[in-house]
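# What the coordinates show
These are the residues of each chain, in order.
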Amino acid sequence: MSSITPDGRLWEEHSLVDPVHRESQAIGPIPESQLPDNYLTNGLGWKSWLFTLDHKRIAILYMISVSMAFMVGGIAAALVRFNLMTPNSELLRPQTYNKMFSAHGIVMVFFFLVPVIPATLGNFLVPLMIGAKDLAFPKINLLSWYLYMIGLIIGLLALSFGGVDTGWTFYAPLSTQYAYGNVALVLVGAFIAGFSSILTGLNFVITVHKMRAPGLTWFRLPLFIWSMYATSLIIMLATPVLAITLLLLLMERLFHIGIFDPKLGGDPVLLQHLFWFYSHPAVYIMVLPGFAVISELITCFARKPIFGYKFVAFSSIAIAVISFFVWGHHLFVAGQSAYAGIVFSVLSFLVAIPSAIKVFNWTATLYKGSIRLDTPMVYALGFIVLFTIGGLTGLYLASLSADVHLSDTYFVIAHFHYVMVGGTVSAYLGGVHYWWPKITGRMYPEGWGRTAAVLLNLGFHLTFMPQFILGVNGMPRRYATYAPEFQPLNIMSTAGATVLALGYLLPFCYLLWSLKYGAVAGPNPWRATGLEWQTTSPPPTFNFDKVPIVTIGPYAYNPEDDERLYEEEQRNGHHPLDGGALVQARTTTKEAVAGGESVG
Amino acid sequence: MAQGVPVTEINEEIAHDVHGGRHIVPVSVYLKVFTALMVLLVITLAAAAIDMSKPPFNMPSLNIIIAMTIAVAKAVLIVLYFMEVRYSSRITWLFSIAGFAWLSIMFAFIFSDYVSRGWLPQAPR
Amino acid sequence: MAPTLEPGHIVEHAHGADHDHAHDHDLLHHYFDDLEQQREAHSLGMWSFLVTEVMMFGGLFFSYTLYRGMFHSAWVEGSRFLNIVLGTANTFVLLFSSLTMVMAVHSAQTRKRQALVGWLLATMLLGTAFLGIKAVEWTNDYKEGLVPVLSWHPEEWHFHGEPESSAAMSPGETPTASHVGEAHGQAPDETRSGVSADVSREMAAQPGQGEVGQNEAQQDVRHAPVNQVMLYFFLYFCMTGLHAIHMIIGLGVVGTLTWMASKGRFTSGNDQPVEIVGLYWHFVDIVWVFLFPLLYLIGGFHPGGH
């Protein structure tokens, strides 16, 4: 491991952290004896949650609301998918069908995919991973959740009563003149949710810059932080443009000045430019946090340091930067100049480079690793496959000539679902499983976890692989009906969606179950490195009892040692490094599941 | 930051110089900058009064170029002295430039579309 | 973003911190190690916020620039309805308020409470004056029928600037009530006077030639189609409106600061809130520095105005 991978000496030390006493009675008004055990028990009433400034509690608030949004968007998707089982379905009227796919897109993009990982796992983990007590602006963090909720409620109300049939892109002049329903209200909802996202991003940037623990240099940061930082940069630079675009669109919808109306001199392509100046970087807002999670999972369950740390770290920044130069590939057939199209096409290919660096480095990390197929790892491996397919099909859409044929077909749908759902949602679920013991202090049933992960992957491929073929064969997106020859593939897709839905519903059930009946997790059930595992599970309100001092880089795993220790663990019944407590927690989970008993 | 965030040694030094020393800008600097801003305001008006599209200039876009140059100069003065970026750490420099730099990306790339739309000969309709 | 006390904060005696004021620990949020870290984080927080603000205004500035290139004659015509005297006055007022703001920051840094309150009050006064002048301008626009949707009466427009304007206005070129209807999109009609969408596209496609064409168009500003002038005024009100909203927020925050300053909150070592609000105030000022030449000075210096 030369200069690319930091610190070969990582392997010499088993502990990442030197806990150091500071010469202080770290005590405010609360006497030490009355300090609550952890952040969950520190205040129990609803007020202690709704007015909390604790980043971990805000993460939980976000987790609940984002899951609600996912349910709503999922139901809309299910209706759309069932409607497409037959060429001329009468399940939904065409008008309702349009409203359904619009609701699905709007809810999933603005209220689920954008906040999902940053606002939940990111909120929870960023301060923990950098050894801080909280984010730099806790009040702004809470404000961002309230803004999200206001946006979500406005959006959901508008979509429930009246709905919109514009699709999530709000293209003019459809959205400004011809669309039915509450376009204006939905715009307001998305506008407000945008500010929530901006505040989260801003908070992360400042936190990462200014609140790292002593000794935690930039190149000792976990890759999770690097990706989250890159995400936050995109949020800060792109989301405000969405805000002003939606505002202009709102004015146009309400007053019809003509700014996007060619009849009155405006240019509808301007809207598309401004919209995609946000929305293309926004797909990296959605998927970069997925990369963040995967880097943590792969290293932990391959028991190896990441291959090429600096490459992976800088590829996140590179993706963030390049993402701003490629939006024109959404406008290839929209009347954009052919020359601009060529430039955007070439630049779009560029973004494949840092993305591929990540995938190659993850697979290289697996090489000669001591791989454990725990649930998070199943999600992570699934992610690599799904994201690779999604990414590679993106190249077809980035190439100008192919896109003319594939534009607005199911090929596009399949492509971005592979990236957004196969990528982001897999990573999110993998991350939730990985950090669930840290967040709740409980283990989930491992068998159910793996089952759900496998189901999800199977269901996903069955749902979206046929859509690639449908798209190439020319089935257009956004229509309630289609030519009869497309029916077999559509039936496959709907069948897959059913399996996929099961794959999403299962974790909901057993994760909730584990809150009460799951085995008690120790501070570090995965024997992972990283500061978040150095504190108790669940963490105390201010995260660390002592300020951690970091002396080495992340991912201090050693696969050979791990194999030896694993064998010892098998022989002795407990892991030599943790005195048995952690393994006990893990084995009792398995027993509990096998015997249907509850522990703790 | 007691233990500090040693991004680089240099960064630490700057940060210390700025905040440890608590740089206080003398009032005379503020007054000078304000005077300069006033002068620039007068120049803006004077330049606008001349129609550069007519002889002897014959450059229709010169008016807007001058106006924008002066506006940028004003903005730079305000950012450097009133917002004290001149006396701030490198990271503040970076943040103060970032927004404008990114905005120029947006301008450049969207305009690349509008500017080149006429380049390709149109097929007769 | 002003640091306030929270219950349950933990005071860390971080080694190396050399702030020896007894009250420092009251200013320190529990989640920061020391005041310097807190100070840098807060300052950087405002700068990040300003980055997002630049991008937000940027979308409007881009729309403005694009349509200015497309419809230069309409922009010239629209601009001539604005009152340069009032616009200049407002520029002066706002630049002056930036000076009073830095003086306030200076007073806080040098711990002069009276001066701080005075300068903050002066800043508020100037900010209010700016909004007052803006309100006068908007009222005039409303009376003259220049506000899209609310009060849009091209048939009542009085042209300013060139003395021969009334002579040059022939009935056919004067915007009429029927145009107003079109401009609102209620009666779309391809045959209306003015440039069709296609033509405007081509103008945009050839900016080099467009420049020259615009120059020619300047000779006869009355030919700008009403709907394009409406676009100008729409963007004018969007930009000045968004700017005014920022001014109002700024006034609210500075007002709060003044009240807190009068209680001595910022003159005993904790001057940062003043500094941070100052950053915001200067940013709003900078926006106006760009808005003024872009909106008011397009058609040359035309002191007529309203």
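Residues numbered from 1 in each chain as written. Chains lettered and ligands numbered in written order. Predicted model: local features only at pLDDT ≥ 70, side-chain atom pairs only at ≥ 80, totals over all residues. Heavy atoms only, no water.

### Focus: the interface of chain B and chain C
Facing 56 residues of chain B, the contacting portion of chain C comprises 59 residues. Summing both sides of the interface, chain B and chain C together bury roughly 5200 Å²; the carbon and sulfur share of this comes to 76%. Seen at the junction of chain B and chain C, the total is zero salt bridges. Where chain B packs against chain C, one counts one residue pair in polar contact (both at pLDDT 80 or more). Looking at the side of chain B that touches chain C, the elements with two or more residues in it are helix H1 (9–20), helix H2 (27–49), helix H3 (62–82) and helix H4 (90–116) of chain B. Partitioning the side of chain B that touches chain C into residue classes produces 40 nonpolar, ten polar and six charged. (Contact = heavy atoms within 4.5 Å. Buried area = accessible area lost by both parts, 1.4 Å probe. Salt bridge = Lys/Arg side-chain N within 4 Å of Asp/Glu carboxyl O. Polar contact = N/O pair within 3.5 Å; in protein donor to acceptor, adjacent residues only side chain to side chain. Helix = DSSP H or I, 4+ residues; strand = E, 2+ residues; numbered from the N terminus. Nonpolar A, V, L, I, M, F, W, Y, C, P; charged D, E, K, R; others polar.)

### Quick notes on a nonpolar patch on the surface
On the surface, a cluster of nonpolar side chains totalling about 550 Å² of accessible area is made up of Tyr339, Ile342 and Val346 of chain A together with Val115, Trp119 and Leu120 of chain B. Element by element, the count of residues in the nonpolar patch is highest for helix H10 (residues 338–350) of chain A, at three residues. Of note, Val115 of chain B is situated in helix H4. (Patch = residues over 30% accessible without salt bridge, like charges linked within 9 Å, V, L, I, M, F, W, Y side chains within 5 Å. Areas by Shrake-Rupley, 256 points an atom, 1.4 Å probe, with all protein chains shown as cover.)

### Side note on the packing of helix H12 (residues 375–398) of chain A against helix H15 (residues 446–472) of chain A
All names here are of chain A. Contact pair H12 / H15: the axes reach a minimum separation of 9 Å and the direction vectors enclose 10 degrees. If you check the angle between H12 and H15, you find them roughly parallel. Mapping the contact onto sequence places Thr375, Val378, Tyr379, Gly382, Val385, Leu386, Ile389 and Thr393 in H12 and Glu446, Gly449, Arg450, Ala452, Ala453, Val454, Leu456, Asn457, Phe460, His461, Met465 and Phe468 in H15. The residue inventory of the contact of H12 with H15, partitioned by class, reads twelve nonpolar, six polar and two charged. (Axes fitted to C-alpha atoms, helices over the stretch in contact; angles between N-to-C directions. Parallel < 35°, antiparallel > 145°, perpendicular 65-115°, else oblique.)

### So, the side chain of Asp34 of chain C
All names here are of chain C. Looking at the secondary structure, you find Asp34 in the loop between helix H1 (24–27) and helix H2 (35–70). A polar contact of 3.2 Å, which involves the side chain of Asp34, links it to the backbone nitrogen of Glu36. Within polar-contact distance, the side chain of Asp34 engages the backbone nitrogen of Gln37 at 2.9 Å.

### A word on the pattern of salt bridges
Residue and element names in this part refer to chain A. Counted by the stated rule, this structure contains eleven salt bridges over all chains. Here Arg450 ties to Glu446 by a salt bridge, and the two come within 2.8 Å at their closest N and O atoms. Of the two residues, Arg450 and Glu446 both sit in helix H15, four residues apart, roughly one turn of that helix. Glu446 sits in the buried class, given a relative accessible area of 10%. The salt bridge involving Arg564 is made with Asp561; its shortest N-O contact spans 3.4 Å. Placement of the pair is Arg564 and Asp561 together in helix H17 (residues 559–572), with a separation of three residues, close to one helical turn. (Buried < 20%, exposed > 50% of the residue type's maximum accessible area, 1.4 Å probe, protein only.)

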